[in-house]
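# Structural description and commentary
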Amino acid sequence: MTGKIPYGGDYNPEQWPQDVWDEDHRLFGRAGIDTLTVGVFSWSLTQPAEDTYDFTLLDRILDRAAAEDRRVCLATGTAALPPWLAKKYPEVNRTDFEGRRHRYGQRHNFCPSSPVYRRLSTALAGHLAERYADHPALLAWHINNEYGGVCYCELCADAFRDWLRDRYGTLDALNDAWWTTFWSHRYTDWAEIEPPSALTEHWRGPDHTAFQGITLDYFRFTTDALLGCFLAEKEVIRRHDPETPVTTNFMGMFRPLDYHRWAPHLDFASWDSYPPLDAPPTWPALAHDLMRGLKDGAPFWVMEQTPSTTACRDVNPLRRPGELRLATFQAIAHGADAALYFQLRASRGACEKYHGAVIGHAGRDDTRVFREVADLGRELTELGAVTLGARTPARTALIFDWDSWWALEISDGPSRLVKYQDVVHAYYRAAREAGADLDVVPQSADLTPYDVVLAPVLHLVKDDLADRLEAVAARGGTVLTTFLSGRGDAHDRAFLTDVPGPLAPLMGVRVDEWDSRPAEVAQAIPELGAEARLVFEIVQPRGAEPVATYGGDFYAGTPAVTRNAFGEGEGWYVATALDQPGVDQVIRRVLTRHDLLGPYAGHRAVETATRVAPDGTRLHFLLNHAAETAHLTAHATATDLLSGKRIEQGEPLSLDPLGVAVLRPLS
């Protein structure tokens, strides 16, 4: 698509007069910005009335970009309804969890089941594609924006019933899947089924449901309903433009939508990276790897990141000097082939006027933020196309499963304090800090390339996954899973067998009981010098050997961590929520067995990642997340592509605070 990493971001010239456009493009040139995302929220301008389209402004925007030799990621603008549409067709406004039909306002405000919304949004996308398919500035299509939100209106209720008919075929199958003999819920007519909301199955919010099966299916239905909106727009774009890549911007670890269900329909994955700035660096790294895993390891785009600060949180910390560069190279290290910002020029009004921007309200080019953006733009230009298309040669996989996430967190018992993201991140963090490259994959992924498969809190086990995990171990690999795994099938029905269900033969354990305690209650795990909290499963080995045990309560001395020989490999079971030092020790033992500890594993603040370019060139990224210089020893002779320096194997290698090196081996 391009000859270098696309660099730029969200641009809203419709908010500004012509003289500001002139200044913007001058500043874009100084900052190395070559890619503009435009039209994201332009519906009310391009279609001021149902029977009127006006592309005058978009024509000027795209023509100006082409004249300046810049490319455009053109959005369809369908993420926010224009006021006339919501007024004329009130059924397009969403009904919330409490049963209230909303009036016009905000954004992401449409009902995904509304025929009117589908008709008008696809018509707009079609007009845009017909007009701009051959425009010289067009680089990619950007459908909608940050899909999300749930609707509980009658249109969605009818669509949900149709979705259930397609999924289950008969009411008998549905009643069995949802276990509706409980609480007199057996359905005898499809029309009796209601969306699970505060008016039906829920109390104390969306995560407290009487019937996990129906709530789990409504999450899936919502994913598919919004996906249907995306596909309708993509289809009409393809009628006029069969070649330009199509995407929409995801939001990383975003619980409401199962992005694995969307992935086959994107030409490339893209996402908006806004991690909490006080989160450990492995948190955004996990999201990057998740996005890369959506397309079987293909590179993705960072469609948005802030150059300085966000505005939507109660407290919005500022990125310190050097943090933007580090975050951008972290994304590239994990597979990003584009680095774009929100926003290029700060909005003058409304809720994002304090959101960070490359160009502030004063329009200056001598601010610290602008200088950092411009310096980074020069580096990316000099780096050129060397990283484009490069993939990650991981031998470790981590299974990330939205169904397990949903099911775990809507379950009554054992503990609502267990959070899926936190447990998954703990194991990801341990592997990354030990120097392993990871692929983050769905349950359905091909596991044959991997020596190690990590499957923490794999609450639901679907299809033939248990057999494929056993195959990994049988050929010599290692599979690790944890407490609250193997508890339910695809419908969240308990397996009628010993815990951990179909994973039990591989793990060599049986769990009859589990103890759940408040967060302040800690169990010592003496062999690891660690602590555990929240859930303590009481394990009976059935072939597995204890690795670590509980230090207290009536189950003191029983296994907390086990290892089971299976074929040529092993199955590891962690029966409790270990603290991070405990997880680190377990993961390092697993990785050591396969010689997967990285050469810089002793430097926890130094993140490492590897990409292999299409021509076979290996690129080793070193990122120092510490505020102090990292002193390393080069493990191979290489050239640092950022500094141009040659580094000999065995020589001292220093990384400045928040420093980055991109090493290309010379042998």
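In this convention, every chain numbers its residues from 1, walking through the sequence in written order. Predicted model: local features are reported for residues with pLDDT of at least 70 only, side-chain atom pairs are reported and counted for 80 or more only, and whole-chain, interface and lining totals are derived from all residues. Hydrogens and water are ignored here; the side-chain numbers use all heavy atoms of the structure.

Strands in a sheet are paired, the pairing made by backbone hydrogen bonds, and the direction either parallel or antiparallel. Spatial strand order, β11-β10-β12-β13-β19-β18-β17: seven strands in an open sheet with mixed pairing. Where the open sheet ends on each side, the last strands, each with one partner, are β11 (438–441) and β17 (545–549). Across the sheet, the mean angle separating the axes of adjacent strands is 20° when strand polarity is ignored. Contact criterion: two residues are considered in contact whenever any of their non-hydrogen atoms come within 4.5 Å of each other. Axis angles are defined between N-to-C directions and span 0 to 180 degrees, where every axis is a line fitted to C-alpha atoms and, for a helix, only to the segment in contact. Secondary structure elements follow DSSP: runs of H or I of four or more residues count as helices, runs of E of two or more count as strands, with numbering from the N terminus. Contacting β10 (396–399), β11, β12 (452–455), β13 (478–482) and β19 (569–574), helix α14 (residues 420–433) runs over the sheet at an angle of about 155° to β11. Strand pairing is defined by DSSP finding a minimum of two bridges between the two strands.

The omega angle of the peptide bond from F342 to Q343 is 10°, so this bond is cis rather than trans. In this fold, Q343 is placed in the loop between β9 (336–341) and α12 (368–383). The peptide bond linking G413 to P414 adopts the cis configuration, its omega dihedral lying at -5°. Secondary-structure assignment places P414 in the loop between α13 (402–409) and α14. Backbone geometry at Q106 places phi at a positive 60°, although glycine is not the residue there. Tracing the backbone through its elements, the reader meets Q106 in the loop between α4 (83–88) and α5 (115–132). A positive phi angle is found at D492, which is not glycine, with a value near 65°. Within the secondary structure, D492 sits in the loop between β13 and α16 (504–507). Think of it in three bands: residues with accessible area under 20% of the maximum for their type are buried, residues over 50% are exposed, and the middle band is partly exposed, with areas taken using a 1.4 Å probe on protein chains only. Judged by its relative accessible area of 19%, D492 is buried.

Attention shifts here to the pairing of strand β15 (residues 522–525). Side chains Q523 and I525 project from β15 onto a buried face, and the interleaved A522 and A524 project onto a face without burial. As judged from the four bridges shared by β15 and strand β16 (residues 530–541), these two strands associate in the antiparallel manner. For I525, the partnering residue across the bridge sits in β16 and is A530. Between the antiparallel neighbours β15 and β16 lie four residues, among them G529 with a positive phi of about 60°.

Turning our eyes to something else, we now look at the packing of helix α6 (residues 154–168) against helix α8 (residues 212–240). Two numbers describe how α6 lies on α8: the axes approach to 10 Å, and their chain directions differ by 105°. As far as their axial angle goes, α8 and α6 are roughly perpendicular. From α6, C156, A159, F160, W163, L164, R167 and Y168 reach across to α8, where they touch I214, D217, Y218, R220, F221 and D224. For the contact of α6 with α8, the per-class residue count stands at nine nonpolar, no polar and four charged. An angle below 35 degrees is read as roughly parallel, one above 145 as roughly antiparallel, one from 65 to 115 as roughly perpendicular, and any other as oblique. Residues are grouped as follows: nonpolar covers Ala, Val, Leu, Ile, Met, Phe, Trp, Tyr, Cys and Pro; charged covers Asp, Glu, Lys and Arg; every other residue, Gly included, is treated as polar.

All right, on to the pattern of salt bridges then. Where charged atoms of side chains with opposite charge meet at close range, the side chains can pair. What counts as a salt bridge is simple: a side-chain nitrogen of Lys or Arg found within 4 Å of a carboxyl oxygen of Asp or Glu. Per the stated rule, a full pass over the model turns up 53 salt bridges. As a salt-bridge pair, E50 and R119 come within 3.3 Å of each other at their nearest N and O atoms. In this pair, E50 is assigned in the loop between α2 (43–46) and α3 (56–67) and R119 in helix α5, connecting sequence segments 69 residues apart. You can call E50 partly exposed: its relative accessible area is 21%. On the basis of relative accessible area, R119 is assigned to the partly exposed category, the value being 41%. Through salt bridges with shared partners, one network takes in R167, D217, R220, D401, D403 and K462.

Note that all results are geometric; they support no functional claim without further evidence.
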